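If you want the building blocks of each chain, they are given just below.
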Amino acid sequence: MTFNLNKIVSPNILSLAPYRCARDEFEGSAEIYLDANENPFDNGLNRYPDPYQTELKKEIASLKNISEESIFLGNGSDEAIDLLFRIFCIPGKDNYIAITPSYGMYEVCGNVNNVERRAALLTDNFEIDLPQINSQIDSNTKLIFLCSPNNPSGNILDVNAVQALANNFHGVVVIDEAYIDFSFSESATTLLEKYPNIVVLQTLSKAWGLAAIRLGMAMASKDIITLFNKVKYPYNVNLLTQEKALEYLKEKKEMVSQQIAEIISERERVKELLSTIPAVIKVFPSEANFLLVKMDEAENIYSTLLKKGTVVRNRSKVILCEGCLRITIGTPIENQKIIEQLTEIIA
Ligand code: PMP
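Model, not experiment: these values are computed from the prediction.

**Student:** Would you mind going over the packing of aromatic side chains with me for this structure?
**Tutor:** The geometry of two aromatic rings is summed up by the distance between their centres and the angle between their planes. Enumeration over the complete set of coordinates arrives at 9 aromatic pairs. Arranged with centres 4.7 Å apart and planes meeting at 15 degrees, the rings of Tyr106 and Phe145 form a pair that is stacked. Here the residue Tyr106 occupies a position in helix H5 (residues 105–112), and Phe145 occupies one in strand S4 (residues 141–147), the gap between them amounting to 39 residues. Judged by relative accessible area, Tyr106 falls into the buried class, the value being 1%. Aromatic ring contacts, followed pair by pair, group Phe85, Tyr96, Tyr103, Tyr106 and Phe145 into a single cluster. The residue whose ring lies beneath Arg326 is Phe290, and the NZ or CZ to ring-centre distance is 5.5 Å.

Next up, the structure:
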């Protein structure tokens, strides 16, 4: 099916004149800036930051092997999720499909933007059910949200199924790769050249250890990124975030790689240990930094862990995750501790 971007963008966005500041009008730097009503006394933070995060995008582009024009940076990938609804969906008229169970913000942002949700239940192994998704698509379906590795199940989605969807869909397929750095599978960014209707989301909040600075990214065709730039708030990524992200991308890559390797090795160790605990029915395969664990009496175990001072995510009421807790991989000491606590609770 041919994908025609202009046909699926909300008409108000197509005709939108983006906010422009005086500094958009010229290249390079001026001697005196009296255009933006800033406080002139230099404290390192008195000027507005670069609205297009040029230096940071350069670094990310070389890391991801894509062009700078294919990158949008936002206040966490949550901002990108919200903007996707605002760019593509007419409130009260359009709809989107999201795999289920998956990350909760697709539904929250869909509700905020008054866009109808169509839940596409995954199979028992948390794989994409293509016929089920296809049966829900109609001419008002604008977005399909996939998440790989999926939260809360931890598995990678089959790339052939992802491509089959993108091939046959008139709208945009979003692949949320918040956890891709913990996986040995290839990122869907490799599909971007072939598929003009794929948007890949990534974040510095997980593997990069920078959840506090709020930096997420959307990667897609230049035309889609132009739309993000039209809709975003002018200075959506603050200077402190831009600087800290640059520091990590330039100087901390080695350290981050080592941490990722340790988290992956801990994931496998914790998985083995959990499997020896009698109340554990199943530990699902994970390519993320968490494990979905099906247990007898998950609710009780959850509240007893809380009393012992350990918080995990209770997913026991989530469809297909009945009886499951989602446990993030911590430091080796934290992991040891939760294994001990679980062993105590069950004894
Ligand atoms: N996507 C998924 C699948 C997530 O699990 C999360 C965070 N829990 C996010 C996106 C949000 O990432 P960010 O911190 O970049 O907003």
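**Student:** I'm lost on unusual backbone geometry in this one. Help?
**Tutor:** Both trends apply: most residues other than glycine have a negative phi, and most peptide bonds are in trans. Here the residue pair Ser148 and Pro149 is connected by a cis peptide bond, since its omega of -5 degrees sits within 30 degrees of zero. Its location among the elements puts Pro149 in the loop between S4 and helix H7 (159–168). With an omega of 20 degrees, the peptide bond between Asn151 and Pro152 qualifies as cis. Tracing the chain through its elements places Pro152 in the loop between S4 and H7. In this structure, Gln53 is a non-glycine residue whose phi angle is positive, near 45 degrees. Structurally, the position occupied by Gln53 is in the loop between helix H2 (11–14) and helix H3 (54–64). The exposure class of Gln53 is buried, given its relative accessible area of 1%. The phi dihedral of Leu320 falls on the positive side, at around 70 degrees, and the residue is not glycine. Mapping Leu320 onto the fold places it in the loop between strand S10 (313–314) and strand S11 (324–328).

Cut-offs used in this document
- Residues numbered from 1 in each chain as written.
- Predicted model: local features only at pLDDT ≥ 70, side-chain atom pairs only at ≥ 80, totals over all residues.
- Heavy atoms only, no water.
- Phe/Tyr/Trp six-rings, centres within 6.5 Å; stacked < 30°, edge-to-face > 60°.
- Helix = DSSP H or I, 4+ residues; strand = E, 2+ residues; numbered from the N terminus.
- Buried < 20%, exposed > 50% of the residue type's maximum accessible area, 1.4 Å probe, protein only.
- Lys NZ or Arg CZ within 6 Å of the ring centre and 35° of its normal.

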